[in-house]
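What follows is the residue order along each chain.
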Amino acid sequence: MNGKLYLVATPLGNLKDITLRALEVLKSVDSIACEDTRHSLKLLQTYEIQKPLFSLHDHNETKRVAPILERLKEGKSLALISDAGTPLISDPGYRLVEAVLAAGFEVEAIPGPCAAINALVGSGLPTDKFYFVGFLPPKSAARRRRFEALLDFPSTLIFYESPHRIQKFLEEAHSVFGSRRLVLAREMTKKFEEFYRGRLQPKPETIPLRSWKGEYVVLLEGANSSDIPST
Ligand code: SAM
């Protein structure tokens, strides 16, 4: 019998945010592919899971495909996890899944945390239609072009951004979107979790956050979306 590839969602920060089924799968597979073995070891040790771990990240994903297909052919099952949340969502794994399916093996996704969805449901912005943008290009001109392309989009917009670019990001967003409703979801599920629910500001440093450190999801209201959403 062929093995199976499981895509397993793991916590965003709070190690308690893992499902019983995710733990069951991680305990049952022959090996686990993860972005950073040292990082994932902490989670696995918390739940006393001892499995061979190997790295799969943006720079070696293509190289990992053939040996993984070999293992599946031998009847071995594998799990793919990422550093946080759902694998493949702004994380590696797409090329692997594509190759595994093309080779005729089974893939199963085990649901769990995802920063975009957690931020959206806690945001207070319309949830009926949303567009996950993910990370924008780091260079200002390219990022601005993407903002402009999204200006008339009638859905809640969800962005990921790294902490050292967040203020610049917000400043540029203001120059394109004006004072649109903004939600910042910072350090979700962690000790210093904080939500800012307000509007884009010309000077982002005036936004009253306790701190600018940590991880962020940025959400903007969609164009003309002040109607109450239908469920
Ligand atoms: N696969 C992950 C998921 O399911 O959300 C996303 C991985 S992506 C490399 C990392 C980005 O997700 C961060 O830069 C940040 O934008 C967002 N993120 C991850 N954890 C977060 C948290 N605890 N609070 C706020 N944003 C978070």
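Because the structure is a prediction, the values reported are computed rather than measured.

**Q** Honestly, the sheet that holds strand S2 (residues 31-34) in this entry has me stumped. Any pointers?
**A** Paired through backbone hydrogen bonds, the strands of a sheet run either parallel or antiparallel to each other. Spatial ordering of the open sheet is given by S3-S2-S4-S1-S5, a layout of 5 strands whose pairing is parallel. Among the strands making up the open sheet, the edge pair consists of strand S3 (53-55) and strand S5 (106-110). Averaged over all adjacent pairs, the angle separating strand axes in this sheet is 25°, with direction ignored. The pairing of S2 with strand S4 (residues 78-80) spans 3 bridges and is classified as parallel. The residue of S4 that forms the bridge with Ser31 is Leu78.

**Q** When you look at the packing of aromatic side chains in this model, what are you seeing that I'm missing?
**A** Each pair of aromatic rings is reported with the distance of its centres and the angle of its planes. The tally for this structure, following the rule as stated, stands at 8 aromatic pairs. Summarising the aromatic geometry, the rings of Phe132 and Tyr160 are spaced 5.1 Å apart at their centres and angled 70° between planes, so their arrangement reads as edge-to-face. Taken together, the positions of Phe132 in strand S6 (residues 130-135) and Tyr160 in strand S7 (residues 156-161) put the pair 28 residues apart, joining distant regions of the chain. Here Trp212 and Tyr216 contribute two aromatic rings whose centre-to-centre distance is 6.2 Å and whose plane-to-plane angle is 35°, an arrangement assigned as tilted.

**Q** What is the right way to read the environment of Asp30 from this model?
**A** Topologically, Asp30 is positioned in the loop between helix H1 (20-28) and S2. A C-alpha to C-alpha distance of 7.3 Å links Asp30 and Pro52, two positions 22 residues apart in sequence. Apart from residues lying up to four places away in sequence, Asp30 is in contact with Lys51, Pro52, Gly75, Lys76 and Ser77. For Asp30, the side chain forms a polar contact with the main-chain nitrogen of Ser77, separated by 2.8 Å.

**Q** So what exactly am I meant to see when it comes to the site of the ligand here?
**A** Close to the ligand lie 19 residues, the nearest being Thr86, Asp91, Ala115, Tyr160 and Tyr216. Separating an oxygen atom of the ligand from a side-chain N or O atom of Tyr160 is a distance of 2.6 Å. Glu161 has a polar backbone atom sitting 3.5 Å from an oxygen atom of the ligand. Notes on the ligand: free accessible area 580 Å², of which the protein chains cover 92%. Counting residues per element, the ones that place at least two in the shell around the ligand are S7 and strand S10 (216-220).

**Q** For this particular structure, what's the right way to read the nonpolar core?
**A** Soluble globular proteins: nonpolar side chains tend toward being buried together. The biggest cluster of nonpolar side chains holds 22 residues, and the ones touching the most others in it are Phe159, Leu170, Phe177, Leu182 and Leu184. Taken together, the elements giving at least two residues each to this core come down to helix H6 (140-150), S7, helix H7 (166-177), strand S8 (181-186) and S10. Element by element, the count of residues in this core is highest for H7, at 6 residues. Ignoring sequence-local partners within four residues, the contact set of Leu184 consists of Ile166, Leu170, Glu194, Phe195, Tyr196, Ile207, Leu209, Trp212, Tyr216, Val217 and Val218. In this structure, Tyr6, Leu23, Cys34 and Ile110 belong to the second largest nonpolar core, which totals 16 residues.

**Q** Honestly, the pairing of S6 in this entry has me stumped. Any pointers?
**A** Two faces make up the sheet, and in a regular strand the side chains alternate between them. The pairing of S6 with S7 spans 5 bridges and is classified as parallel. Looking at the pairing, Tyr131 lines up with Leu157 of S7. One crossover worth recording links S6 to the parallel S7 by way of H6, and it is right-handed.

**Q** Which parts of the structure should I look at to understand the pattern of salt bridges?
**A** It is possible for side chains of opposite charge to pair when their charged atoms get near one another. Taken as a whole and assessed by the stated rule, the structure comprises 16 salt bridges. Among the ionic pairs, Lys76 bridges to Glu74, the shortest N-O distance being 3.3 Å. Between Glu172 and Arg143 there is a salt bridge, and its shortest N-O distance comes to 2.9 Å. With Glu172 in helix H7 and Arg143 in helix H6, this pair connects stretches of sequence that are 29 residues apart. With a relative accessible area of 1%, Arg143 lands in the buried category. Each of the salt bridges in this network shares a partner with another, and the network as a whole consists of Lys4, Arg21, Glu106 and Glu108.

The rules behind the values
- Residues numbered from 1 in each chain as written.
- Predicted model: local features only at pLDDT ≥ 70, side-chain atom pairs only at ≥ 80, totals over all residues.
- Heavy atoms only, no water.
- Pairing = 2+ DSSP bridges.
- Helix = DSSP H or I, 4+ residues; strand = E, 2+ residues; numbered from the N terminus.
- Axes fitted to C-alpha atoms, helices over the stretch in contact; angles between N-to-C directions.
- Phe/Tyr/Trp six-rings, centres within 6.5 Å; stacked < 30°, edge-to-face > 60°.
- Contact = heavy atoms within 4.5 Å.
- Polar contact = N/O pair within 3.5 Å; in protein donor to acceptor, adjacent residues only side chain to side chain.
- Near = heavy atom within 4 Å.
- Areas by Shrake-Rupley, 256 points an atom, 1.4 Å probe, with all protein chains shown as cover.
- Core = buried A, V, L, I, M, F, W, Y, C linked by side-chain atoms within 4.5 Å.
- Buried < 20%, exposed > 50% of the residue type's maximum accessible area, 1.4 Å probe, protein only.
- Right-handed = clockwise from strand over helix to strand, strands pointing away.
- Salt bridge = Lys/Arg side-chain N within 4 Å of Asp/Glu carboxyl O.

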